[in-house]
Amino acid sequence: MEQQQLRDLLETLHKELEQVGTVDEKTADALTSLKNDIAKLVNEGGEQEGIIDRMNEALGEFEEEHPKLSMMIQHVLDSLAQMGL
């Protein structure tokens, strides 16, 4: 996957995160952290330290209540793995 495709995917995920409705405080914190991480990846490029671990944690947290979001996060993780990140 080329950089522009990854950037587009990350921007789509970021928009999806913005649309998540009311959540508990722990989930809200995870969403905020993930949104900030994604913004850094989109704006600065390259791997940001720990983002893959935080995305994996978020994947587990959102799996039940936000399955579409979980699928998107998994897709991003798969794409990053294919790029060797």
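Calculation notes
- In this numbering scheme, every chain counts its residues from 1 along its sequence in written order.
- The model is predicted, so local features are restricted to residues of pLDDT at least 70 and side-chain atom pairs to those at 80 or more, both for listing and for counting; the totals for chains, interfaces and linings are taken over all residues.
- No hydrogens and no water enter the side-chain calculation; it runs on all heavy atoms of the structure.
- Surface patches are drawn from residues lacking salt bridges whose relative accessible area is over 30%; two like charges belong together within 9 Å, two nonpolar side chains (Val, Leu, Ile, Met, Phe, Trp, Tyr) within 5 Å.
- A 1.4 Å probe and the Shrake-Rupley method give the accessible areas. Residues count as covered only by the protein chains that appear here.
- The rule for a salt bridge is simple: a side-chain nitrogen of Lys or Arg has to be within 4 Å of a carboxyl oxygen of Asp or Glu.
- For the purpose of charge, His is not counted, nor are the chain termini; Lys and Arg are scored as positive and Asp and Glu as negative.
- Where a charge sits is defined by one atom per residue type, namely NZ (Lys), CZ (Arg), CG (Asp) or CD (Glu).
- Helix numbering and strand numbering both begin at the N terminus, where a helix is a DSSP run of H or I of at least 4 residues and a strand a DSSP run of E of at least 2.
- The term polar contact refers here to a pair of N or O atoms within 3.5 Å; inside protein, the definition further demands a hydrogen-donor-capable atom paired with an acceptor-capable atom, and it admits residues adjacent in sequence only when both atoms are side-chain atoms.
- Any two residues having at least one pair of non-hydrogen atoms within 4.5 Å are treated as being in contact.
- Fitted lines through C-alpha atoms serve as axes, helices being fitted only where they are in contact, and the angles separating the N-to-C directions of these axes extend from 0 to 180 degrees.
- Relative orientations are named as follows: roughly parallel for angles under 35 degrees, roughly antiparallel for angles over 145 degrees, roughly perpendicular for angles from 65 to 115 degrees, and oblique for any other angle.
- Put simply, a crossing is left-handed when the front helix is turned counterclockwise from the back one by less than a right angle, and right-handed when it is turned clockwise.
- By the convention adopted, Pro, Cys, Tyr, Trp, Phe, Met, Ile, Leu, Val and Ala count as nonpolar, Lys, Arg, Asp and Glu as charged, and the other residues, Gly among them, as polar.

Engineer: Just checking my understanding: could you explain a negative patch on the surface for this structure?
Structural biologist: A contiguous patch of negative charge, built from Asp24, Glu25, Asp29, Asp53, Glu57, Glu61, Glu63, Glu64 and Glu65, is present on the exposed surface. At the level of elements, α2 (25-44) and α3 (51-62) are the ones that each hand at least two residues to the negative patch. Checked against the element boundaries, Glu25 lands in helix α2.

Engineer: It is not clear to me how the side chain of Ser70 should be interpreted in this structure. Could you clarify?
Structural biologist: Examined against the element boundaries, Ser70 turns out to sit in helix α4 (residues 67-82). A distance of 3.0 Å separates a polar atom in the side chain of Ser70 from the backbone nitrogen of Glu63. Those residues within four positions of Ser70 in sequence are excluded, and the remaining contacts are Leu59, Phe62 and Glu63.

Engineer: Which parts of the structure should I look at to understand the packing of α2 against α3?
Structural biologist: Each packed pair of helices is defined by two parameters, the angle between the axes and the distance between the axes. Remark: α2 packs on α3, axes separated minimally by 10 Å, with the N-to-C direction vectors making an angle of 140°. Comparing the axis directions of α2 and α3 gives the class oblique. Judged by the sense of rotation from one axis to the other, the crossing of α2 with α3 is left-handed. Residues Lys26, Thr27, Ala30, Leu31, Ser33, Leu34, Asp37, Ile38 and Leu41 of α2 form the contact with α3, whose participating residues are Ile51, Arg54, Met55, Ala58, Glu61 and Phe62. Looking at side-chain class alone, the contact of α2 with α3 contains nine nonpolar, two polar and four charged residues.

Nothing here speaks to function; it is all geometry.
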